[in-house]
Amino acid sequence: MVKIELERLDKDFLMQAVNDRGNIVQLDASPQDGGQGKGFGPMQMLLAGMGGCSAIDVVKILRKQREPLEDIKITVEGEREQGAVPSLYQKVHAHFKLYGNINPEKAEKAVALSVEKYCSVAKTLEKTANITYSLEILPA
């Protein structure tokens with residue numbers, strides 16, 4: 001079972017979330033919603049979670065294939081329903097930048113396996129959102 005504890009840090013919406021290992025992340029509402037924007041918004045956390053989940057998968061897959069991945073950067077963008085409550089993601093796009101002398105076919109397969117099969121966050125988001133991805137391989 002996963003356990004996250006949240007504590008309010010100010011009189012508005014700034015919260016501190018702590019996991020069972022003591023790792024901390026701050027969440028806040030945007031200024032237009034009455035917050036100060038001092039932390040991730042909850043819906044931003046979903047996108048960050050997908051990026052992190054996919055990064056872990058891709059690194060593990062490429063290591064298993066003995067591909068020389070030097071670094072990885074992922075940009076995740078999401079588009080939410082306008083004027084709806086709740087406002088769910090309808091579109092999510094992840095762009096992967098893989099650094100190193102990596103076999104392009106293996107890189108494409110690793111990213112596809114992550115987004116389409118292994119990443120639990122992507123599998124959760126795909127229930128309401130169309131998830132797409134792209135990748136590029138760059139020198140280390």
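Use the structure listed above.
Residues numbered from 1 in each chain as written. Predicted model: local features only at pLDDT ≥ 70, side-chain atom pairs only at ≥ 80, totals over all residues. Heavy atoms only, no water.

Participant: Got a sec to walk through the overall build of the chain? Specific residues and values, please.
Facilitator: Each helix and strand counted, the chain has three helices and six strands in total. For the chain, the N- to C-terminal ordering of α and β elements is β-β-β-α-β-β-α-α-β. Its C-alpha atoms give the chain principal-axis dimensions of about 50 × 35 × 30 Å. Relative to its 140 residues, the chain shows a buried fraction of 31%. When contacts within the chain are restricted to residue pairs at least 6 apart in sequence, long-range pairs at least 24 apart make up 51% of them. Carbon and sulfur atoms provide 52% of the accessible area of the chain, an area that totals close to 9,200 Å². Across the chain, the 18 positively charged side chains and the 19 negatively charged ones have centroids separated by 5 Å. (Helix = DSSP H or I, 4+ residues; strand = E, 2+ residues; numbered from the N terminus. Buried < 20%, exposed > 50% of the residue type's maximum accessible area, 1.4 Å probe, protein only. Contact = heavy atoms within 4.5 Å. Areas by Shrake-Rupley, 256 points an atom, 1.4 Å probe, with all protein chains shown as cover. Lys, Arg positive; Asp, Glu negative; His and termini not counted. Charge placed at Lys NZ, Arg CZ, Asp CG, Glu CD.)

Participant: Can you lay out helix H1 (residues 42–64) for me, pointing to particular residues and giving the numbers?
Facilitator: Here H1 is 23 residues long and its end C-alpha atoms lie 33 Å apart, about the 33 Å a rise of 1.5 Å per residue gives. Within H1, the full set of buried residues consists of Leu47, Met50, Gly51, Cys53, Ser54, Ala55, Asp57, Val58, Ile61 and Leu62. Where the residues of H1 are buried, they touch strand S4 (71–80), strand S5 (89–99), helix H2 (104–118), helix H3 (120–125) and strand S6 (130–138). Trailing H1 by a residue or two, arginine 66 shows a phi angle of about 60°, which is positive. (Expected span 1.5 Å × (residues − 1).)

Participant: Outline the packing of aromatic side chains, listing residues and values.
Facilitator: For any pair of aromatic rings, geometry is given as the distance between the ring centres together with the angle between the planes. Enumeration according to the criterion identifies zero aromatic pairs in this entry. Over the aromatic face of tyrosine 89 sits the side chain of arginine 80, whose NZ or CZ is 5.9 Å from the ring centroid. (Phe/Tyr/Trp six-rings, centres within 6.5 Å; stacked < 30°, edge-to-face > 60°. Lys NZ or Arg CZ within 6 Å of the ring centre and 35° of its normal.)

Participant: Lay out a nonpolar patch on the surface with the relevant residues and their values.
Facilitator: There is a patch of nonpolar side chains on the surface, built from Val2, Ile4 and Leu6 and spanning about 320 Å² of accessible area. Structurally, the position occupied by isoleucine 4 is in strand S1 (residues 4–8). (Patch = residues over 30% accessible without salt bridge, like charges linked within 9 Å, V, L, I, M, F, W, Y side chains within 5 Å. Salt bridge = Lys/Arg side-chain N within 4 Å of Asp/Glu carboxyl O.)

Participant: Hey, could you go over the sheet that holds strand S3 (residues 24–27) for me, with residue numbers and the actual values?
Facilitator: Ordered by their spatial adjacency, three strands build an open sheet running S1-S2-S3, and the pairing between neighbours is antiparallel. The two strands at the open ends of the sheet, each matched to only one other strand, are S1 and S3. With direction set aside, neighbouring strand axes in the sheet form an average angle of 25°. With four bridges connecting them, strand S2 (residues 15–19) and S3 associate as antiparallel partners. Of the residues in S3, the one forming a bridge with alanine 17 is valine 25. (Pairing = 2+ DSSP bridges. Axes fitted to C-alpha atoms, helices over the stretch in contact; angles between N-to-C directions.)

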